[in-house]
Amino acid sequence: IVKLQLQFKDYLDSLVLDSNHLLSIDILLKPFGISYDLPKSKSILVGHLLDHLRDHYQNNDPIDAIDVAHSAVELGYDPAEAFLDEAPYLMIQMTQELAKGF
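So, how was this worked out
- Residues numbered from 1 in each chain as written.
- Predicted model: local features only at pLDDT ≥ 70, side-chain atom pairs only at ≥ 80, totals over all residues.
- Heavy atoms only, no water.
- Helix = DSSP H or I, 4+ residues; strand = E, 2+ residues; numbered from the N terminus.
- Rg over C-alpha atoms; globule rule 2.2 N^0.38 Å.
- Buried < 20%, exposed > 50% of the residue type's maximum accessible area, 1.4 Å probe, protein only.
- Contact = heavy atoms within 4.5 Å.
- Lys, Arg positive; Asp, Glu negative; His and termini not counted.
- Charge placed at Lys NZ, Arg CZ, Asp CG, Glu CD.
- Arc of directions from axis to C-beta.
- Axes fitted to C-alpha atoms, helices over the stretch in contact; angles between N-to-C directions.
- Parallel < 35°, antiparallel > 145°, perpendicular 65-115°, else oblique.
- Left-handed = near helix turned anticlockwise from the far one by under 90°.

Draft legend 1. Representation of the overall build of the chain within the structure. What the chain contains, in helices and strands, is five helices and two strands. Along its sequence from the N terminus, the chain presents helices and strands in the succession β-α-α-α-β-α-α. Relative to the compact-globule value of 13 Å for 102 residues, the chain shows a C-alpha radius of gyration of 13 Å, a close match. Overall, the chain is about 40 × 30 × 20 Å in size when its C-alpha atoms are taken along their principal axes. Here the chain, with 102 residues, has 40% of them falling under the buried criterion. Taking the contacts inside the chain whose residues are at least 6 apart along the sequence as the reference set, 63% of them involve residues at least 24 apart. Across the chain, the mean location of the 7 positive side-chain charges is 7 Å away from that of the 16 negative side-chain charges.

Here it is in structure tokens:
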């Protein structure tokens, strides 16, 4: 199921078991039901990103795939920029697909 946004605490809970894995956009977008293939980081862990996000979001704050990818770029995971270039168009498509379900 594709999700446009999640509560931050739900996002954290869904990735806690991946904290020690190398950062990849595919792992970061998994909680949103989005698959996007980019190379893994060679040094940044998922846990590093989660810590970075904790500095900017509270448990009940909404978070979306663009927020997550932007934070990954801030940490130096440059491949996430490719996702950010396409993200607005993907979000529009996701919104349209979700609207069809209603």
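Having put the structure on the table, let's press on.
Draft legend 2. Structural context of helix H1 (residues 8-15). Among all positions of H1, only Phe8, Tyr11, Leu12 and Leu15 are buried. The buried residues of H1 occupy one face: seen down the axis, they fall within an arc of 100°.

Draft legend 3. Molecular detail of the environment of Ala99. The residue Ala99 is located in helix H5 (residues 80-100) in this model. A relative accessible area of 46% means that Ala99 is categorised as partly exposed.

Draft legend 4. Main features of the packing of helix H4 (residues 65-74) against H5. Their axes nearest at 9 Å, the elements H4 and H5 cross at an angle of 165°. Judged by the inter-axis angle, H4 sits roughly antiparallel to H5. The handedness of the crossing between H4 and H5 is left-handed. Contacts from Ala65, Ile66, Ala69, His70, Ala72 and Val73 in H4 reach Ala80, Glu81, Phe83, Leu84, Ala87, Pro88 and Met91 in H5.

Limitation: the analysis is restricted to geometry and does not speak to function.
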